[in-house]
Amino acid sequence: MTLTDSGLTDCHERRWNALLEWLQGHGMMVDEDHLPVRPKNVAGARLGLFAIVDIPPRTPILTLPSKAKINMATLGHYPYSKRLTATQLISLHLLLYKPAPGCESDDPHFAPYISILPRDFGDHPLTWAVHRTLGAGSREEHSLLRLLPPSVLSDLLLLERRFWKDWEAVLLYLDDLPDLSSPRRRPRTQSELILDFVWAWLNVNTRCLYDDLGLGKDNNMSLCPVFDFANHAWMQPTMEPVRAAGSEIWRPGRCSPGGDGNTDLVCVSCERGIVRDQEVTLSYGWHSNRTLFVEYGFANAITSEELMSGVYPGQVNVQDIVTTWLDCRGELGTFVKGTLEAEGYWGDWTIHCSPLPTQASFRLITALRLYHSFPEGAGVWSEEETTAASRRWRDTILGHEEVVSEENEKACEESIGEICEVVIKRAERGIEAVKEDMRMESEVSEWFQDVLVAVDFLWFEERAVAKAMLIA
Ligand SMILES: C[S@@+](CC[C@H](N)C(=O)[O-])C[C@H]1O[C@@H](n2cnc3c(N)ncnc32)[C@H](O)[C@@H]1O
């Protein structure tokens, strides 16, 4: 790959200039004073945004016109567009206008933007999962899936389920509107079409901003050119989005009653300001590496001090361990499972190292309390006994009682210790297996090595959180 003086390939340089010209056509100021950032290659993250001048604190970095965003408002011209969610509609639009290899998009509305989006997501775990489902997984992909911690794999399967659900919805929509798709595109087999949809869907899932358009929660999102080149920094990000002049500060996850419609996006530098050539970064949220890896395809390089001291939101989902215990308890296990499901406490059982003190989530403690309400070896439980034990457990959820009993609490504590031991042991095996692959796979592609490093961090986080729990 040859880089130009600006740190971009020729092709990216051309596409970036075309994007600026297009944005200018939409009324955006793109000179150095109004857009003091440019993309550059970043090892292990494709592109990132960099300051081209010193930027003082709380200074506007970009003001993106609302009509340059891709969202439910700017795609409102699709017939019956409200039949689709924002993810489905934006993904469909990208699918229809996906650039052919080596070419630019021919979208009459957003071509320069769609053309500069990443072309390949071979390093994202969803791609490996979908390949596997289609029976087309490569050896590298299979071995990466095998190396993932169980908690990561189960989140990945949930993400894959979301993907297929969106695909089904888009197919159904296209069935009703064959004019939209048939004449437009080069012929694609069903598998090719699905993989192109993976590309579209991942662009949406990894790049969209929560954006209060005044719609339902799941539809308040936009793809925002330029803004979406900013990489994630878990500590001290340098840029943040704010509302257009005169309105409230933007915060992810907040929905204003009634909504404000599609407004311009303004981003400003954070408190410390930014020096020339420094990377301009955002916070994608206070996420553990498991979530970052599954949703975005990368993991933060973190140290054990950061994990043990509680400054990093380390977390382990231990659902598979507890589920195995329940599976060994026959009918009683089935009863506990059914009760937890009925009461909304099934799954999402986690241990955390931040904020200190380290702790098990209330959901995990609640599940363990019910599990230990029926001690092993206590013989057969009559219906009355089962009802009474469940009632005592339910009282802890309702806040009528703090604990089921002292013995029950002690058993839960011991179980948490056992869970941590299991997590540590398997993390050690996982780290060893990743090392082994690193040694064996020295000839393989760069992205594969990068992913192995990320998988190593996933196991490392699990081990450090479990160790911190045991020490506490
Ligand atoms: C919103 S985009 C950021 C721009 C992106 N790097 C690009 O080349 O277009 C999000 C994607 O960037 C990458 N990314 C973001 N932050 C990262 C980080 N701290 N380390 C590695 N990759 C990162 C991941 O691939 C993620 O899915």
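Residues numbered from 1 in each chain as written. Predicted model: local features only at pLDDT ≥ 70, side-chain atom pairs only at ≥ 80, totals over all residues. Heavy atoms only, no water.

Chemist: Would you explain the packing of helix α11 (residues 319-327) against helix α15 (residues 406-440) in this entry?
Modeler: Packed helix pairs are characterised by how far apart their axes lie and by the angle those axes make with each other. Interaxial distance between α11 and α15 falls to 10 Å at its minimum, and their mutual angle equals 120 degrees. Compared by their axis directions, α11 and α15 come out oblique. Along this stretch, α11 crosses α15, giving a crossing that reads as right-handed. On α15, the residues that touch Asp320, Ile321, Val322 and Trp325 of α11 are Ser415, Glu418, Ile419, Val422, Val423 and Arg426. Of the residues that constitute the contact of α11 with α15, the class distribution is six nonpolar, one polar and three charged. (Axes fitted to C-alpha atoms, helices over the stretch in contact; angles between N-to-C directions. Helix = DSSP H or I, 4+ residues; strand = E, 2+ residues; numbered from the N terminus. Parallel < 35°, antiparallel > 145°, perpendicular 65-115°, else oblique. Left-handed = near helix turned anticlockwise from the far one by under 90°. Contact = heavy atoms within 4.5 Å. Nonpolar A, V, L, I, M, F, W, Y, C, P; charged D, E, K, R; others polar.)

Chemist: Is there a simple way to explain the pattern of salt bridges in this structure?
Modeler: When charged atoms on two side chains of opposite charge get close, those side chains can pair. Inspection of every chain in the model, using the stated rule, returns 20 salt bridges. Where Arg46 meets Asp123, a salt bridge forms, and the shortest distance between an N and an O atom there is 3.1 Å. One end of the pair, Arg46, is in strand β2 (residues 46-51); the other, Asp123, is in the loop between α3 (111-116) and α4 (125-133), and 77 residues separate them in sequence. On the basis of relative accessible area, Arg46 is assigned to the partly exposed category, the value being 38%. (Salt bridge = Lys/Arg side-chain N within 4 Å of Asp/Glu carboxyl O. Buried < 20%, exposed > 50% of the residue type's maximum accessible area, 1.4 Å probe, protein only.)

Chemist: Please clarify how the layout of surface pockets should be interpreted in this entry.
Modeler: Picture a little ball the size of a water molecule; that probe, rolled over the atoms, points out where space is still empty. Volume-wise, the second largest pocket comes out at about 230 Å³. Taken together, Ala360, Ile365, Arg369, Glu409, Cys412, Glu413, Ile416, Gly417, Cys420, Met469 and Leu470 make up the full set of residues lining the second largest pocket. Listing elements by their share of the lining of the second largest pocket, those giving two or more residues are α13 (362-371), α15 and α16 (446-471). Among the elements that take part in the lining of the second largest pocket, α15 stands out by supplying six residues, more than any other. Each residue belonging to the lining of the second largest pocket can be placed in one class, and the counts come to seven nonpolar, one polar and three charged. (1 Å grid on protein atoms, 1.4 Å probe; cavity = no way out; pocket = protein on both sides within 12 Å on 5 of 7 lines; lining within 4 Å. Points joined across faces, edges and corners; volume = space filled by probe spheres on them.)

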